[in-house]
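# Observations on the model geometry
Okay, here's what each chain looks like letter by letter:
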Amino acid sequence: MPKKVDSAMVIKNPESHVLKQREWNEPQSFRIEKAAWNRLGTRVGCISGIAYFSPGFRAGLVAGAFELFHKKATHFNVLNGHIVDEKALKVVLKEKTAGLKGEEKQAMIAHILEEAAKALAALIPKIEKPCEGEKSKGSAELVRLYIMTSPKLDGKLGDAVMRRLQDLRPDDIRLYNSGGDKLEVKGKVEQILWFLNPKKSRLPSKIYSTACEKEIDDKRRQTTQKMPNLWVVGGFASAVHIPSGIRREPYCSLPALRRLEEVEAAENQVGAAIINISPEGKLSFESWSYKDLVAKERDFITGISTGSDETHKKIVAAIKDYGPLTLGMLVDKTGINRKTIEKAMKLLVSDEMSNRTTWPGLHYNLASQRYDFHLSWIQEMIKYPCIDCAPLVEDRILFFGCLHAGYTTTDYEYVIKEFPRIMLEHDVKVLCGLGDFIAGLHHDFMCSGETFGQLNNTEQEQLAADILATILFRVFEKRFAGKIGKNAAKISREELERVVGECLVLFIYICGNHDLWQERDGSTPLAIFRYRLLQNLTHHISKLLIDMRLPAISLHKILESRINGFPDYRASYVLPSGLRLGMMHPHMGRGQTTSKAQVAMGSDDCHIMGIANFHAAAFVPEWASKLGQQVVVQAGTEVLYTRFERRKMKPGVDFGPIFLRALSHEQRIVATESAYFNEPILKEAIKKSTDPDDLRKRLGILAI
């Protein structure tokens, strides 16, 4: 934290211009616990856009992110672009060098850049690796921080500050190429993460993915190097996560770690991210949102001037609630007369920010004639609450869409084998089906050979139901065996009903346009699907309980409560956490945008929105004041390809389900983790003549 200027540190340059050097404390230091460090997999902490010199810079956010990285035991960290805001820095240089020329001007510029490097060296915390023995803090090996500046946002001046910062912190900071660089993650399966940040100005876009994809596409065209396992794009203040499929390689974008003061593209996200890499090389993207904290940061000013009374407290409370206020506005907000406020201000207003950790002091802006807290104190001194210290509630959901039972290109083996494995491995509590469970019969699918076995609508729904029954039963069987253990002989009927309910995954679903085609023929979509699914599960779970000689229970009633279908035009479900999950299957084409996910944002009052139909996958968060962090999960498809999309020259499909872990506090999302599973087993379409019953037997699909 900053200290006051030490008079002994005041120096003069050759032209006698006074340069005041500021004294800083040592940076905050964290040490990672050995058990946390040794957890399986590799963790990479990522931040972007702290924008030193800009009004939005917050040292408290930087400290909070590094505290999070310390708790999560990240193996190395990356600061990717927009560390220094060159635009704001140029304004400072213009003000400070006004009237100066020659060596005097150059000395002032050098001094300001030096002071910036020293400030960042003090404000960016250090993280120590675990060490053997009782080594004191400051003596252990440090977790490395890789820095990459942005040619557009940091510029040459920011680059100069970073070079000096690296000189000041050689033990942990590594300065890599401006514009981004590759990092190799060693392990059982080596991974390449390629970090990018803005090199040039772009036309603004409302879609969060647009600017990121332009940076990636430019780099792909320019480079001759091997493509990465993941692109990581900084500088755009979003937190998009897109898989490989339609895009050749997956990518994610990083939120900004500052208060967003102006929007140049489609900036919305404030926070930090962690890229998790399993020993097998599977990637997940974990994003922590700080925007709720930033939105109420004035509430964290807890002190006031010594000797204050109720009048002073009311003035401070009004400025906290409403921001900068004139005397007249303060009279309106507090109900206190003008003379009393003018007198009270003598105690509260100070020329410089306070050195206290709880009170900044008030500043009077002559141009606007308003009073406000000292911005420099908020930038450097304000402390935010620990983001993961409050009790967090967890939701674990697997989303899928467009199963298209009946297609010759659906990867039935993958769905049967991998869905249960993913759900068990990630402790999924909710399975969300986003429509198009069947192929349907329109567009002459049966005649053209896009479906197999001459399956009609009813038979396609029965096949889809048997597939879902197999998935749900396999997960139930494993969880039930683990829960019941050796207590089977002693368990009561009431206890058995409770355990069965806990072991069953909650399955929620909607119809898609392929399911709804049969409405034109007077049939109710997915009615047979639901009946068959309940019948199949009742049969096989009953058999399991009978074989274990357990008491008879109302199994059908339990199953009906765990399998919930909703109208596709009005579908929402309140999760145990209190978060509202919405579902949509828009009847519209994909278009040129990578995802339609952002369009679904705000279409309903839901914290989480699942959509499908475009055969394109995406994870897109957006913060809004009413609900806080909202996320849209756009699921792809379980088919390898469709003739329709190939004939339209569309760039493939995104295959596989999407896992979402959401952490929330008081119905506000704090963090999310997203992961894609998109490596199909099927290599080519199955034969049109395939017998459905033979397929069931070969893949172990449960039947009745």
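## Digging into the packing of helix H8 (residues 310–322) against helix H9 (residues 327–334)
Interaxial distance between H8 and H9 falls to 10 Å at its minimum, and their mutual angle equals 100°. By the angle between their axes, H8 is roughly perpendicular relative to H9. On H9, the residues that touch Lys314, Ile315, Ala318, Ile319 and Tyr322 of H8 are Leu330, Lys333 and Thr334. Looking at the contact of H8 with H9 residue by residue, the class counts come to five nonpolar, one polar and two charged.

## Some words on the pattern of salt bridges
As enumerated under the stated definition, the model contains 40 salt bridges in all. Asp172 is paired through a salt bridge with Arg169; the nearest N and O atoms lie 2.7 Å apart. With a closest N to O distance of 3.3 Å, Arg696 and Asp693 form a salt bridge. Residue Arg696 and its partner Asp693 are located together in helix H20 (residues 692–699), separated by three residues, close to a single helical turn. Note on Arg696: relative accessible area 9%, which makes it buried. Given the relative accessible area of 47%, Asp693 is considered partly exposed. Through salt bridges with shared partners, a single ionic network connects Glu286, Glu394, Arg396, Arg661 and Glu673.

## So, the nonpolar core
Formed by 85 residues in total, the largest nonpolar core has its most connected members in Leu120, Trp288, Tyr290, Ile315 and Leu330. The element that contributes the greatest number of residues to this core is helix H4 (residues 102–123), accounting for eleven residues. Judged by nonpolar contacts, the second largest core, of 67 residues, contains Ile416, Phe507, Ile553 and Ile701.

## Here's the deal with H9
Those residues of H9 that sit buried are Leu327, Leu330 and Thr334. When H9 is viewed along its axis, its buried side chains cluster within an angular range of 55° and face the same direction.

## Some points on the pairing of strand E18 (residues 393–400)
Most of E18 sits inside the fold, with six of its eight residues counted as buried. Relative to strand E27 (residues 658–665), E18 is paired through seven bridges, and the arrangement is antiparallel. Note that in E27 the partner of Leu398 across the bridge is Phe659. Taken together, the four bridges between E18 and strand E19 (residues 430–434) define a ladder with parallel strand orientation. The residue of E19 that forms the bridge with Phe400 is Gly433. The parallel pair E18 and E19 is bridged by helix H12 (residues 412–425), and the resulting crossover is right-handed.

## Regarding the environment of Ser542
For Ser542, the position within the fold is in helix H17 (residues 527–547). The sequence separation of Ser542 and Ala552 amounts to ten residues, and the corresponding C-alpha distance is 8.6 Å. The contacts of Ser542, once residues within four sequence positions are left out, are Leu537 and Leu555.

## Things to note about the environment of Ser48
Looking at where Ser48 falls in the secondary structure, it is placed in the loop between strand E4 (42–47) and helix H2 (59–72). Discounting chain neighbours no more than four positions away, the residues touching Ser48 are Leu79, Asn80, Gly81, Gly234, Gly235, Leu254, Pro255, Ala256 and Leu257. For Ser48, the side chain forms a polar contact with the main-chain oxygen of Gly81, separated by 3.5 Å. At 2.9 Å, the side chain of Ser48 and the backbone nitrogen of Gly235 are in polar contact.

## Observations concerning the side chain of His75
By the secondary structure assignment, His75 is in the loop between H2 and strand E5 (76–80). For His75, a relative accessible area of 18% gives the class buried. Within the structure, the side chain of His75 is placed 3.2 Å from the backbone oxygen of Trp37, a separation counted as a polar contact. Setting aside anything within four residues of it in sequence, one finds His75 in contact with Trp37, Gly41, Thr42, Arg43 and Val143.

## Structural notes on the packing of aromatic side chains
Summed over all chains, the structure comprises 24 aromatic pairs. Where Phe507 meets Phe529, the ring centres are 6.4 Å apart and the plane angle is 65°; that geometry is what we call edge-to-face. In this pair, Phe507 is assigned in strand E20 (residues 506–510) and Phe529 in helix H17, connecting sequence segments 22 residues apart. Both residues of the pair, Phe507 and Phe529, count as buried. The aromatic ring of Trp194 is capped on one face by Lys182, whose charged end is 5.3 Å from the ring centroid. Taking the ring centre of Tyr322 as reference, the NZ or CZ of Lys333 above it sits at 4.2 Å.

## Details of the packing of H4 against helix H5 (residues 155–168)
Between H4 and H5, whose axes approach to 8 Å, the crossing angle comes to 55°. Relative to H5, the element H4 lies oblique. The chirality of how H4 crosses H5 is right-handed. From H4, Leu113, Glu114, Ala116, Ala117, Lys118, Leu120 and Ala121 reach across to H5, where they touch Leu157, Ala160, Val161, Met162, Arg164, Leu165 and Leu168. Tallied by class, residues from the contact of H4 with H5 come to eleven nonpolar, no polar and three charged.

## Details of the state of the cysteines
For the structure shown, the criterion picks out one disulfide. Here Cys386 pairs with Cys389 through a disulfide, and the sulfurs are 2.3 Å apart. On the S-S bond that ties Cys386 to Cys389, the torsion sits near 80°, and the link is right-handed. Overall, Cys389 belongs to the exposed group, its relative accessible area being 52%. Among the cysteines around Cys432, which has no disulfide bond, Cys606 carries the closest sulfur, lying 11 Å off.

Conventions used here
Residues numbered from 1 in each chain as written. Predicted model: local features only at pLDDT ≥ 70, side-chain atom pairs only at ≥ 80, totals over all residues. Heavy atoms only, no water. Axes fitted to C-alpha atoms, helices over the stretch in contact; angles between N-to-C directions. Helix = DSSP H or I, 4+ residues; strand = E, 2+ residues; numbered from the N terminus. Parallel < 35°, antiparallel > 145°, perpendicular 65-115°, else oblique. Contact = heavy atoms within 4.5 Å. Nonpolar A, V, L, I, M, F, W, Y, C, P; charged D, E, K, R; others polar. Salt bridge = Lys/Arg side-chain N within 4 Å of Asp/Glu carboxyl O. Buried < 20%, exposed > 50% of the residue type's maximum accessible area, 1.4 Å probe, protein only. Core = buried A, V, L, I, M, F, W, Y, C linked by side-chain atoms within 4.5 Å. Arc of directions from axis to C-beta. Pairing = 2+ DSSP bridges. Right-handed = clockwise from strand over helix to strand, strands pointing away. Polar contact = N/O pair within 3.5 Å; in protein donor to acceptor, adjacent residues only side chain to side chain. Phe/Tyr/Trp six-rings, centres within 6.5 Å; stacked < 30°, edge-to-face > 60°. Lys NZ or Arg CZ within 6 Å of the ring centre and 35° of its normal. Left-handed = near helix turned anticlockwise from the far one by under 90°. Disulfide = S-S within 2.5 Å.

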